[in-house]
Amino acid sequence: MHALNRNVALTSLAWGVFFIWIGLSWVANEYYGVSMEAYVALGVGIILIGLNAARAGFGMKLSKFSLFIGLIALIFGGTALAGFKPPLWQTILVLIGLFIIAEAVSSLTKSK
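Residues numbered from 1 in each chain as written. Predicted model: local features only at pLDDT ≥ 70, side-chain atom pairs only at ≥ 80, totals over all residues. Heavy atoms only, no water.

1. Concerning the overall build of the protein chain
- Secondary structure summary: the protein chain contains four helices and zero strands in total.
- Reading the secondary structure of the protein chain in the N-to-C direction produces α-α-α-α.
- Taken along the three principal axes of its C-alpha coordinates, the protein chain extends 55 × 35 × 15 Å.
- Counting all 112 residues of the protein chain, 25% fall into the buried class.
- In the protein chain, the proportion of contacts linking residues at least 24 apart, taken out of those at least 6 apart, comes to 58%.
- Of the roughly 7700 Å² of accessible surface on the protein chain, 74% is carried by carbon and sulfur atoms. (Helix = DSSP H or I, 4+ residues; strand = E, 2+ residues; numbered from the N terminus. Buried < 20%, exposed > 50% of the residue type's maximum accessible area, 1.4 Å probe, protein only. Contact = heavy atoms within 4.5 Å. Areas by Shrake-Rupley, 256 points an atom, 1.4 Å probe, with all protein chains shown as cover.)

This is the structure in structure tokens:
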């Protein structure tokens, strides 16, 4: 199988698992009345890190962005389960902005 096809297949698999995880979390929230934000964040982190692990296993290039988001989600999920309540979405937006800036600066310094 061509690398692009594997990447598309792996990405599709990750999206499928993501939607199943969100749906199951939503059902658990409705039936048990438990806030599932920490579990959703952990799940997203595991899915994105798993996607990049699968890419590495196939000898494909990792996505720094999805790996970064996966690590952040995993950290936030873990801290939320430990009782800390950091401002999840605001922090993610700031970190995404910093990541984009870092990638742009890296590109500009490589092109010299």
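2. Digging into the nonpolar core
- Counting five residues, the largest nonpolar core is built from Leu10, Ala14, Ile47, Leu51 and Met60.
- Among the elements of the structure, α1 (3-32) and α2 (37-57) are those that each provide at least two residues to this core. (Core = buried A, V, L, I, M, F, W, Y, C linked by side-chain atoms within 4.5 Å.)

3. Comments concerning the packing of aromatic side chains
- Summed over all chains, the structure comprises five aromatic pairs.
- Taking 5.5 Å as the distance between ring centres and 90° as the angle between the ring planes, the aromatic pair formed by tryptophan 15 and phenylalanine 18 counts as edge-to-face. Of this pair, tryptophan 15 and phenylalanine 18 both sit in helix α1, three residues apart, which is roughly one turn of that helix.
- Measuring from ring centre to ring centre gives 5.4 Å for phenylalanine 65 and phenylalanine 99, while their planes differ by 55°; the resulting arrangement is tilted. Of this pair, phenylalanine 65 sits in helix α3 (residues 64-81) while phenylalanine 99 sits in helix α4 (residues 88-110), placing them 34 residues apart in sequence.
- An aromatic cluster of three or more residues is present, and its members are Trp15, Phe18 and Phe19. (Phe/Tyr/Trp six-rings, centres within 6.5 Å; stacked < 30°, edge-to-face > 60°.)

4. Quick look at the pattern of salt bridges
- For the coordinates displayed, the defined rule picks out one salt bridge.
- For lysine 64, the salt bridge identified is with glutamate 103, shortest N-O distance 3.6 Å. One end of the pair, lysine 64, is in helix α3; the other, glutamate 103, is in helix α4, and 39 residues separate them in sequence.
- Lysine 64 gets classed as partly exposed once you look at its relative accessible area, which sits at 47%. (Salt bridge = Lys/Arg side-chain N within 4 Å of Asp/Glu carboxyl O.)

5. A short note on the packing of α2 against α3
- At a closest axis distance of 7 Å, the pairing of α2 and α3 adopts a crossing angle of 150°. Crossing of α2 against α3: the hand is left-handed. Here Ala38, Tyr39, Ala41, Leu42, Val44, Gly45, Ile46, Leu48, Ile49, Asn52 and Arg55 of α2 lie close against α3, whose contacting residues are Ser66, Leu67, Ile69, Gly70, Leu71, Ala73, Leu74, Gly77, Gly78, Ala80 and Leu81.
- Of the residues in the contact of α2 with α3, the class split is 15 nonpolar, six polar and one charged. (Axes fitted to C-alpha atoms, helices over the stretch in contact; angles between N-to-C directions. Left-handed = near helix turned anticlockwise from the far one by under 90°. Nonpolar A, V, L, I, M, F, W, Y, C, P; charged D, E, K, R; others polar.)

6. Here's the deal with the confidence of the model for the protein chain
- Within the protein chain, residue pLDDT values average 88, and 95% of them lie at 70 or more.
- By mean pLDDT, the top-scoring element of the protein chain is α2 (94), and the lowest-scoring one is α4 (83). (pLDDT = per-residue confidence, 0-100.)

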